[in-house]
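# Remarks on the overall topology
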Amino acid sequence: MKRQATIVAIRFCLGHRVPGEQRGSGGRCHGGAMDSKPAPNWWARHWKWVVPAGCLTGVVGVAGFIALIVGLVFGLIKSSTPYQQALAKAQRDPVVIGRLGAPIQGGMLVSGNVSLSGGTGEASLAIPLQGSRGSGTLYVEARQKAGTWSYSTLMVRPDGAGEPISLLRPSL
C-alpha cells in the first residue's frame, strides 16, 4: 500500500494522470517529493513588479495632469487679444525686426495675467521673443473698456545691450 501511494505521488508530480486523483489537490513537488505548502497566490508571485508599476503609473498620471493644466493656462493666455495684438505689432515693427531679425516668434513661457469681466479687463504680460539675430522680451500692459483694448505699455527690451523699443510711438 505504501509503495502504491509513492507511485501515485510520483506520477502526480510528473504530471501523469492517475485515475481517481484530481489535479491541484496536493502540494507542490520538489525533487520528486510532495511538499505540503500550497502554491503562492497571484499577489505573492507578482508584487515585486506590480508595486513599482503602480507607483510609476501614479507619478506619470500626476505629471500628465500638471502638464495639462499648464498647457491650458498658457493656451488661454496666448489666445487672448492683448497677447495676439502685441505680438503681431512686434512682428511688423521695422525697428524690432532690425534688432532681433526676422521672423520673430513668441516664446513658450509667457508670464503675467489677463483678467476679463464682461466688457472690461486688464492684462499685464511679459512675452519672450526670439528672432534670427537675437531675443528679447515684449512687455504689455493694457486695459479693456467697452470691449476695446488700450495699451499703456507696449515695449520690447532686447536681451543684452541696447535701448528698449517702444511700440506705442505714432506710425509715420
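Procedures and definitions
- Residues numbered from 1 in each chain as written.
- Predicted model: local features only at pLDDT ≥ 70, side-chain atom pairs only at ≥ 80, totals over all residues.
- Heavy atoms only, no water.
- Helix = DSSP H or I, 4+ residues; strand = E, 2+ residues; numbered from the N terminus.
- Buried < 20%, exposed > 50% of the residue type's maximum accessible area, 1.4 Å probe, protein only.
- Contact = heavy atoms within 4.5 Å.
- Areas by Shrake-Rupley, 256 points an atom, 1.4 Å probe, with all protein chains shown as cover.
- Core = buried A, V, L, I, M, F, W, Y, C linked by side-chain atoms within 4.5 Å.
- Expected span 1.5 Å × (residues − 1).
- Arc of directions from axis to C-beta.
- Phe/Tyr/Trp six-rings, centres within 6.5 Å; stacked < 30°, edge-to-face > 60°.
- Bend = angle between axes of the 7 residues up to and from the residue.
- Patch = residues over 30% accessible without salt bridge, like charges linked within 9 Å, V, L, I, M, F, W, Y side chains within 5 Å.
- Salt bridge = Lys/Arg side-chain N within 4 Å of Asp/Glu carboxyl O.
- pLDDT = per-residue confidence, 0-100.

## Overview of the overall build of the protein chain
Broken down by element type, the protein chain carries four helices and eight strands. Secondary structure elements of the protein chain occur, N-terminal to C-terminal, as α-β-β-α-α-α-β-β-β-β-β-β. The buried share of the protein chain, taken over its 172 residues, is 21%. Restricting the contact set of the protein chain to residue pairs at least 6 apart, pairs at least 24 apart contribute 38%. Here the protein chain displays about 11900 Å² of accessible surface, and carbon together with sulfur accounts for 61% of that area.

## Some remarks on the environment of Ser-117
Residue position: Ser-117 is located in strand β4 (residues 111-117). Exposure remark for Ser-117: the relative accessible area of 52% places this residue in the exposed category.

## Remarks on the nonpolar core
Soluble globular proteins tend to pack their nonpolar side chains together in the buried interior. Judged by nonpolar contacts, the single largest core of 18 residues is most densely connected at Ile-127, Leu-129, Leu-138, Val-156 and Leu-167. When contributions to this core are tallied by element, the ones reaching two or more residues are α3 (81-92), α4 (94-100), β5 (120-130), β6 (135-145) and β7 (148-158). Among the elements that make up this core, the one with the highest residue count is α3 (four residues). Setting aside its immediate chain neighbours within four residues, Ile-127 contacts Tyr-83, Val-110, Gly-136, Thr-137, Leu-138 and Val-140.

## Looking at α3
Compared with an ideal rise of 1.5 Å per residue, which puts 12 residues at 16 Å, α3 spans 17 Å between its outermost C-alpha atoms and is within 8% of the ideal. Listing the buried residues of α3 in full gives Pro-82, Tyr-83, Ala-86, Leu-87 and Ala-90. On an axial view of α3, the arc spanned by its buried residues comes to 120°, and they lie on one face. Those residues of α3 that are buried lie in contact with α2 (42-78), α4, β3 (105-106), β5, β6 and β7.

## A short note on the packing of aromatic side chains
Centre distance and the angle of the planes are the two values used to describe a pair of aromatic rings. What the rule picks out here adds up to one aromatic pair. An angle of 80° between the planes, with centres 6.4 Å apart, marks the rings of Trp-42 and Trp-49 as edge-to-face.

## Re α2
With 37 residues, α2 extends 51 Å from end C-alpha to end C-alpha; this agrees with the ideal 54 Å at 1.5 Å per step. Along α2, the sharpest kink reaches roughly 55°, centred on Lys-48 and followed within four residues by the proline Pro-52.

## Here we look at a nonpolar patch on the surface
Taken together, the side chains of Val-62, Phe-65, Ile-66, Leu-68, Ile-69, Val-70, Leu-72 and Val-73 present a nonpolar region at the surface, about 720 Å² in accessible area. Turning to its location among the elements, Ile-69 is positioned in helix α2. For Ile-69, a relative accessible area of 38% translates into the label partly exposed.

## Comments concerning the pattern of salt bridges
For the structure shown, the criterion picks out one salt bridge. Arg-143 serves as the salt-bridge partner of Glu-122, at 2.6 Å between the closest nitrogen and oxygen. Placement of Glu-122 in strand β5 and of Arg-143 in strand β6 is noted, with a sequence separation of 21 residues between them. Since its relative accessible area comes to 39%, Glu-122 is described here as partly exposed. Its relative accessible area of 45% is what places Arg-143 among the partly exposed residues.

## Details of the confidence of the model for the protein chain
When pLDDT is averaged along the protein chain, the result is 84; 78% of the residues meet or exceed 70. The spread of mean pLDDT over the elements of the protein chain runs between strand β1 (residues 28-30), the lowest at 52, and β6, the highest at 95.

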